[in-house]
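So you can see what is in the structure, the chains are spelled out below.
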Amino acid sequence: MASISSCPHQSDLSRLQQPKLSQSVHREECTQCFDNQDGDEGVDVCLLCFNGSCLGQDRHHTRTHVLRSGHSFTLNVKRTPKLKPNSRGDGDEPPAKMTKLAIVQEREEDKYEHRTTVRCWKCDPENGKDITADSSTTKRLTEGVMQSLSSARQSEVKSWEEEINACEHTLLLEQLSSGSIPAEGLAHCASCELTSNLWLCLTCGALGCGRSQYGGTGGNSHALAHFNDTQHPVCVKLGTITPEGGADVYCYACNDARLDHELTTHLAAFGINVASQKKTEKSMTELQIEQNLTFDFSLTAEDGSALEPLFGPGTTGLSNLGNSCYMASVLQTLFSLPSFQERYYRRPSLGVSPNYVSETASAHWVTCSQSLPADCLECQMFKLADGLLSGRYSKPHTEKPPVGPLAHPAPEHTLWQAGLKPAGFKALVGKGHAEFATMRQQDAEEFFGHLVTVLRRFNHQASGGAHEGEPTEIFAFGLEQRLECLSCHRVRYRVDNMDVLSLGIPAQEVPLEEDEAGLEQQKTLAGASDSAKSDSGPAKTKYAPVALELCLGLFLGQTGQEALEYKCEAGCGKTQAVRQTQFATFPQVLVLHAKKFQLKNWVPTKLDIPIILPERDLILDQYLGKGLQLGEEELPNESSSSVPSLPQFDAEAMTQLEGLGFPTVRCQKALLATGNAGAEIAMEWLFNHMDDPDIDDPIQLHTPAGAASELKKLAYMYIFERVQG
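Residues numbered from 1 in each chain as written. Predicted model: local features only at pLDDT ≥ 70, side-chain atom pairs only at ≥ 80, totals over all residues. Heavy atoms only, no water.

### Section: the overall build of the protein chain
Stated formally: Helical segments are the DSSP runs of H or I of at least four residues, strand segments are the runs of E of at least two, and each set is numbered from the N terminus. A 1.4 Å probe rolled over the protein chains alone gives each residue an accessible area, and that area as a share of the maximum for its type sets the label: buried under 20%, exposed over 50%, partly exposed in between. Every residue pair with non-hydrogen atoms within 4.5 Å of one another is taken to be in contact. Areas reported as accessible are Shrake-Rupley estimates using a 1.4 Å probe. Residue values count occlusion only from the protein chains shown.
On a plain count of helices and strands, the protein chain comes out with 21 helices and 20 strands. When each of the 725 residues of the protein chain is scored for burial, the buried share is 41%. The long-range share in the protein chain, meaning contacts at least 24 apart out of those at least 6 apart in sequence, stands at 71%. Taken as a whole, the protein chain presents about 40,000 Å² of accessible surface, with 51% of it coming from carbon and sulfur.

### With respect to the state of the cysteines
How we decide: The definition used for a disulfide is geometric: two cysteine sulfur atoms within 2.5 Å.
Summed over the entire model, instances satisfying the criterion amount to zero disulfides. Looking at C379, it has no disulfide partner, and the nearest cysteine sulfur is the one in C376, 3.7 Å off. Residue C379 is classed as buried on the basis of its relative accessible area of 1%.

### Quick notes on the packing of aromatic side chains
Applied cut-off: Pairing of aromatic rings covers Phe, Tyr and Trp, the last through its six-membered ring, and needs centres within 6.5 Å; plane angles under 30 degrees mean stacked, over 60 mean edge-to-face, and all others mean tilted.
A full pass over the atoms with the stated rule returns 16 aromatic pairs. Seen from their ring centres, F448 and F475 are 5.0 Å apart, and the 80° between their planes marks the pair as edge-to-face. Pair noted here: F448 is in helix α15 (residues 444-463) and F475 is in the loop between α15 and β11 (477-485), with a separation of 27 residues, a long-range link. You'll find F448 and F475 in the same group, each marked buried. Pairwise contacts between aromatic rings join F335, F340, Y344, F382, F448 and F475 into one cluster.

### A look at unusual backbone geometry
Although it is not a glycine, F50 sits at a positive phi angle of roughly 65°. Residue F50 is classed as buried on the basis of its relative accessible area, which comes to 2%.

### Overview of the pattern of salt bridges
As a reminder, the rule being used: In the sections that follow, a salt bridge refers to a side-chain nitrogen of Lys or Arg positioned within 4 Å of a carboxyl oxygen of Asp or Glu.
Scanning the entire structure with this criterion turns up 21 salt bridges. The closest approach of N and O atoms between E126 and R63, which form a salt bridge, is 3.7 Å. Highlighted residues: E126 in the loop between β4 (112-120) and β5 (129-131) and R63 in helix α2 (residues 61-69), separated in sequence by 63 residues.

Structure (structure tokens):
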């Protein structure tokens, strides 16, 4: 090893600065592949822009970065796990007794040992020259990189955050009785003798035990039984009340944790002084975090059989970054399609080593216009393709999971993958988006549409508008809408470009007696006890299965025709019209969006409706439109009328929507888009389009053409977003 005195570029190194708080330091993995600091070569972090890059012979992203950027100094970071003793020696002190409830985060330095080396690439442009001298400059730069919070770690911290809000039941809580409850240690469930996991009904003061919880906390669900008998929805868990006014509050009507802004007042009605309370039990959040940390990777199928882990090319998993399963499902689906594999990987079928590098990717790495690969969508797509398809990372994990008070190792015979963490991709694609930039759970169909839009925009700019090789075009199809005036029988055709076909799913509830009969049969076969039902929470509504062909028929073709009020441009005045939707063109890959939502108490609720797929090929020829037919006469263009016609709004629906606090322009757009079908349907449209950037823009009705354009745009956004059942 050479000393720093032998490097003639010491002055250049001394002028470098530590990373700022606003800068992302990519020290955990390469920004162009998933090689990380745990590998044999480690990761080189640029000491000027803090890009992370690998040193593999097949890729050598560090050398590419140095050549492109001219940055000459890197910090090589290697991480190895520390060995932990399995047992205490005879002369060792016993562990400290736990005196308070806390979830202690195990620090990085407690679990791993890091080795760092500064390298000069001016001295050795091929492999970099190690600089091992212990100077103040080296120490300052190393500490700056290692002590900064990486972007990946920021994502992990955010993934623990959970937003709990108040509901109508906590805001409008009515207390029917008051009086002191038994003191701590004397209180027990009103229906059994349990003295822990007790929940106090904030309506009547009844004490009931909760559900049996993770970690051995007992419970017989008597608090839930009390709700089923009385419909008193809100309760608080005794033992979780803190002097600051915090506590676990649960609403059985919402079946979720809630916030009670008046908890101190509500507890005072039962003689509980919040200021004198002491927390003695784990909160639901702590139990949930503990359960997440102790996940044991031994997965089973619905029938109880163990799932067989898969390894190799095309079978690489993605780690959950915190509510990111929607993104993982979309990415795994996209990269299973030949068009995406060809565009971003293009691997020959035979005779290729596991370290194969796509020629397209190699060429792009050299010519990429972005200074940092983490900011380039093309680089991140190449990185994902290599990670998911190469099989280089689809190997059994050799390191045992950490052992601690809130974690235990998976059984030794259980094979599992560590999985890839696409944190950089998520940050780049979600940048600037109101929803996808957060760690909250999102809808997979909405993310799919957003990703397709982002990819098309990027590829359009990169290719100068050419569509050749654009993988997202396999989803594109034309949707033909035919409008026929029932007075003059003239028609109008319009074709909209789509990527997803949204289908309303009819909801048909299974009668309670049939559902109970099925449950009894299942319990008899399984030998279940009578108490099993009470432990499963409030009874869920069951829905009958629906065939996919039925859903298509309700939307497309003759069976999917919709009657609507219409003002005919041919002079028929206000009359009736029929609208029919069919395919104008078919996509190579049809993406279906099952709309299984229903408004319950003005809240959109997802329904658990099974959809039955056809056993054989799905034939759609009957839904292919043919455009204007011989003998059909077209309606005049909307712009032919000289006087703009103002839209008519359902006055009663407008009153209801505005009464709920929605701005007038939003109410008008919702009613226009849904054809004045009523407040409930308009409410659904509003919930689906709350985040539209132009939702508050005025409706453009200066000219007849402008009015028609606005109506067509709103109708396109709606696309028959009807709630069935």
